[in-house]
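Coordinate analysis (summary)
Below, each chain spelled out in residue letters.
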Amino acid sequence: MTRFDYDLFTIGAGSGGVRASRMAGQFGARVAIAENDRIGGTCVIRGCIPKKLLSYAAHYAEDLEDARGFGWTIESAAFSWPALIANKNREIARLSDIYADALAKAGVATIEGTAKLLDAHTVAIGERRVTAQNILIATGGWPSKPEIPGIEHAITSNEAFELPELPRRVLIVGGSYIAAEFAGIFNGLGAEVTVSYRGEQILRGFDDDVRRHLHDEMKKKRVRILLESDVLRIDRRTDGSLEVNLTGVPGNTLACDAVMFATGRTPNTARLGLTELGVELDEEGGVVVDRFCRSSVPNIYAVGDVTHRIELTPVAIREGAAVAMTLFGGVETPVDHDDVPSAVFSQPPVGTVGLSESEAAAKLGEVDIYKTTFRPLRHTLSGRDERTLMKLVVDPATQRVVGAHMVGADAPEIIQGIAIAVKAGLTKPQFDATVGIHPTAAEEFVTLREKAAAK
Ligand SMILES: Cc1cc2nc3c(=O)[nH]c(=O)nc-3n(C[C@H](O)[C@H](O)[C@H](O)COP(=O)(O)OP(=O)(O)OC[C@H]3O[C@@H](n4cnc5c(N)ncnc54)[C@H](O)[C@@H]3O)c2cc1C
């Protein structure tokens, strides 16, 4: 008989923790999971899902305008932020319940409360003590804000989902994908949006053509983007609005009704008792793990955002599944972090997989680039001045497609399909041998014949 209460104790019921715990339970392991907020974690409660619902809402503004070109007359259209937030909240409550049910069905015990490690096998949740053979840290991350005067007046994406009303003027600080997405959401819903970013272009880490293209398209939609701009101070005025002191605007001040920081997320490792146990953390506080998600203490594992690697839900889920497989499925399972596709649900959206042009050039020396920009068919009648960008990055030596990038309607859906080809290592001639589906935007990916001029 084992001397531990559980075979696995998971801290954090988000994407990674839930997947690992459910799978471990299905393998017959005795599993418990602690959660100090709502089951489902960031993705379900304050991340991917509510964000995408809000982004759909924002797009209706353009859809209604575009419909005119197709013969529609829409007499009156009105938007209610409280109705959107209430409907979104109903949906995330439903999803959170589904996650809780799935854990229960897999025989996983759910414990409400904040968990902390006392030693490598003992967890404290309030007054309660629980022991486990293996511990999984799946505590995710939390938005970070800089320490500038008046920062208490600023919100992050967490609070943006719960605002009582739509702010009339919003300043978004940061150039991350979350900043670009919320700029599109607030702008689409009718707010006046300014983005202030310290760097020389938004979406650091993405392909440079994608970064420029999205910037231009956002500008066309009247989002004001300030580059190399720094927010220095925020003051609340007597009328309740905010006055922001920042560089990059005339007079260095901007009046607005909400300031949202989207300047990065910090792994949730403080107060978990990890360093006391000798669990190695990186400079940002992320748990350092090997390719099996094992920390420097052999029975303590970590998955998802808390490891500060690729902070995406499907990655956290993969990592959680791999830990369950390694511990209870009888197969040591590493996680492959190459060619992870991702999207920005901006307006228009971005889809991307593999290497950017500059990454490929640094890795391969030479690269072949195939790209096109065009006005999508839909906008020939809508009259909207929006262009789509599609780009393939090819290794000239092997003809392998090492990167695919798109900005335009349905880019995330299209790139998910292309990602299979990139992951499978398919070549440009194999793309060319594929017959397109006409008329689509996606067919451009199999009809790109001309190499773009080398830069
Ligand atoms: C605004 C936003 C939009 C996003 N959009 C996307 C997207 O479109 N696509 C995508 O793939 N990813 C997206 N992400 C990222 C995605 O949400 C995360 O990568 C994913 O949720 C990480 O899962 P996780 O299991 O590591 O952590 P989380 O889902 O954050 O779960 C961690 C859980 O641990 C709990 N917890 C923390 N500490 C303790 C403790 N001591 N005791 C008990 N419980 C604890 C937390 O309450 C939380 O529920 C988005 C994130 C944000 C913020």
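Note that the coordinates shown come from a computational prediction; the quantities given were computed from them, not determined experimentally.

With that out of the way, let us pick up the overall build of the protein. When helices and strands are counted, the protein shows 13 helices and 21 strands. Taking the principal axes of its C-alpha atoms as reference, the protein extends roughly 70 × 65 × 40 Å. When burial is assessed residue by residue, the protein has 51% of its 455 residues classed as buried. Here the contacts in the protein between residues at least 6 apart in sequence split such that 64% fall between residues at least 24 apart. Side chains of the protein give 50 positive and 60 negative charges; the mean places of these two sets differ by 2 Å.

The five strands are arranged β17-β18-β21-β20-β19 in an open sheet whose pairing can be described as antiparallel. The open sheet terminates on both sides in strands that have one partner only, identified here as β17 (342–344) and β19 (368–374). On average, adjacent strands in this sheet sit at an angle of 10° to one another, irrespective of strand direction. Here β17 pairs with strand β18 (residues 350–354) via three bridges, running antiparallel. Residue pairing across strands places Ala-343 opposite Gly-351, the latter belonging to β18. Each of β18, β19, β20 (388–394) and β21 (401–407) touches helix α10 (residues 357–364); the most contacted strand, β20, lies at about 10° to it.

Approximately 1100 Å³ is the volume attributed to the second largest pocket. As for the second largest pocket, its lining consists of 45 residues, and the residues nearest its centre are Ala-409, Asp-410, Glu-413, Ile-414 and Ala-441. Secondary structure elements with two or more residues in the lining of the second largest pocket: α3 (48–67), α11 (378–382), α12 (411–423) and α13 (428–432). Residue contributions to the lining of the second largest pocket peak at seven residues, all from α3.

This brings us to the nonpolar core. Counting residues in hydrophobic clusters, the biggest one holds 39 residues, and the most contacted among them are Ile-172, Phe-182, Phe-186 and Met-260. Apart from the residues lying within four places of it in its own chain, the contact partners of Ile-172 are Ala-179, Phe-182, Ala-183, Phe-186, Val-193, Thr-194, Val-195, Ser-196 and Met-260. Ranked by size, the runner-up nonpolar core spans 24 residues in total, among them Ala-34, Leu-117, Leu-274 and Val-297.

Another point: the packing of α3 against helix α6 (residues 177–188). At a closest axis distance of 7 Å, the pairing of α3 and α6 adopts a crossing angle of 40°. Here α3 is positioned oblique relative to α6, judged by the angle of their axes. Here the hand of the crossing between α3 and α6 comes out left-handed. Counting all contacts with α3, which are made through Lys-51, Leu-54, Ser-55, Ala-58 and Ala-61, the residues of α6 involved are Tyr-177, Glu-181, Gly-184, Ile-185 and Gly-188. Among the residues forming the contact of α3 with α6, the class breakdown is five nonpolar, three polar and two charged.

In this section: the packing of helix α1 (residues 15–26) against helix α4 (residues 81–105). Axis separation between α1 and α4 bottoms out at 8 Å; the angle between their running directions is 30°. Between α1 and α4, the crossing angle belongs to the class labelled roughly parallel. As α1 packs across α4, the resulting crossing turns out to be left-handed. On α4, the residues touching Val-18, Ser-21 and Arg-22 of α1 are Tyr-99, Ala-102 and Leu-103. Class assignment of the residues belonging to the contact of α1 with α4 gives a composition of four nonpolar, one polar and one charged.

Next up on the list: the site of the ligand. Taken together, 37 residues sit near the ligand, with Gly-16, Glu-35, Thr-42, Lys-51 and Asp-305 positioned nearest. In this structure, Glu-311 approaches the ligand through a main-chain N or O atom, which is 3.5 Å from an oxygen atom. Between the ligand and Thr-313 there is a distance of 2.9 Å, counted from an oxygen atom to a backbone nitrogen or oxygen. Compared with its free state, where it exposes 1000 Å², the ligand has 94% of that area covered by protein. Mapped by element, the contributors of at least two residues to the shell around the ligand are α1, β2 (31–35), α2 (41–46), α3, α6 and α9 (313–328). Sort the elements by how many residues they give to the shell around the ligand and α2 lands first, with four residues. Considered class by class, the residues forming the shell around the ligand number 14 nonpolar, 16 polar and seven charged.

Thresholds applied
Note that residues are indexed from 1 along each chain, following the sequence as it is written. Local features in a predicted model are, by the rule used here, given only for residues with pLDDT of at least 70; side-chain atom pairs are given and counted only at 80 or more, and totals for whole chains, interfaces and linings are based on all residues. Excluding hydrogens and water, the side-chain values take into account all heavy atoms of the structure. Strands are runs of DSSP state E lasting at least two residues, helices are runs of H or I lasting at least four, and both sets are numbered from the N terminus onward. Burial here depends on accessible area, computed with a 1.4 Å probe over protein chains only, as a share of the maximum for the residue type. Under 20% is buried, over 50% is exposed, and the range in between is partly exposed. Contact between two residues is taken to exist if any of their heavy atoms lie within 4.5 Å; hydrogens are not considered. Neither His nor the chain termini are counted; the positive set is Lys and Arg, and the negative set is Asp and Glu. Every charge is mapped onto a representative atom, which is NZ of Lys, CZ of Arg, CG of Asp or CD of Glu. At least two bridges found by DSSP between two strands is the condition for calling them paired. In this description, a line fitted to the C-alpha atoms serves as the axis of each element, helices being fitted only across the stretch in contact, and the angle between N-to-C directions of two axes falls anywhere from 0 to 180 degrees. Here a cavity means grid points, on a 1 Å grid over the protein atoms only, where a 1.4 Å probe fits yet cannot get out; a pocket means an open set of points with protein on both sides within 12 Å along at least five of seven lines; lining residues are those with an atom within 4 Å of a point. Grid points are joined across faces, edges and corners, and a volume is the space filled by probe spheres set on the points. For this analysis, a nonpolar core means a set of buried residues of the types Ala, Val, Leu, Ile, Met, Phe, Trp, Tyr and Cys, connected via side-chain atoms within 4.5 Å. Angles are sorted into four bins: roughly parallel if under 35 degrees, roughly antiparallel if over 145, roughly perpendicular if 65 to 115, and oblique for all others. Here a crossing is taken to be left-handed if its near helix is turned anticlockwise relative to the far helix by less than a right angle, and right-handed if that turn runs clockwise. Under the convention adopted here, Pro, Cys and the residues Ala, Val, Leu, Ile, Met, Phe, Trp and Tyr are nonpolar, Asp, Glu, Lys and Arg are charged, and Gly plus all remaining residues are polar. Any residue with at least one heavy atom within 4 Å of a molecule or strand is counted as near it. We call two N or O atoms a polar contact when they sit within 3.5 Å, provided that within protein one can donate a hydrogen and the other can accept it, with sequence-adjacent residues counted only if both atoms are side-chain atoms. Computed by Shrake-Rupley with a 1.4 Å probe, the accessible areas treat only the displayed protein chains as cover when residues are assessed.

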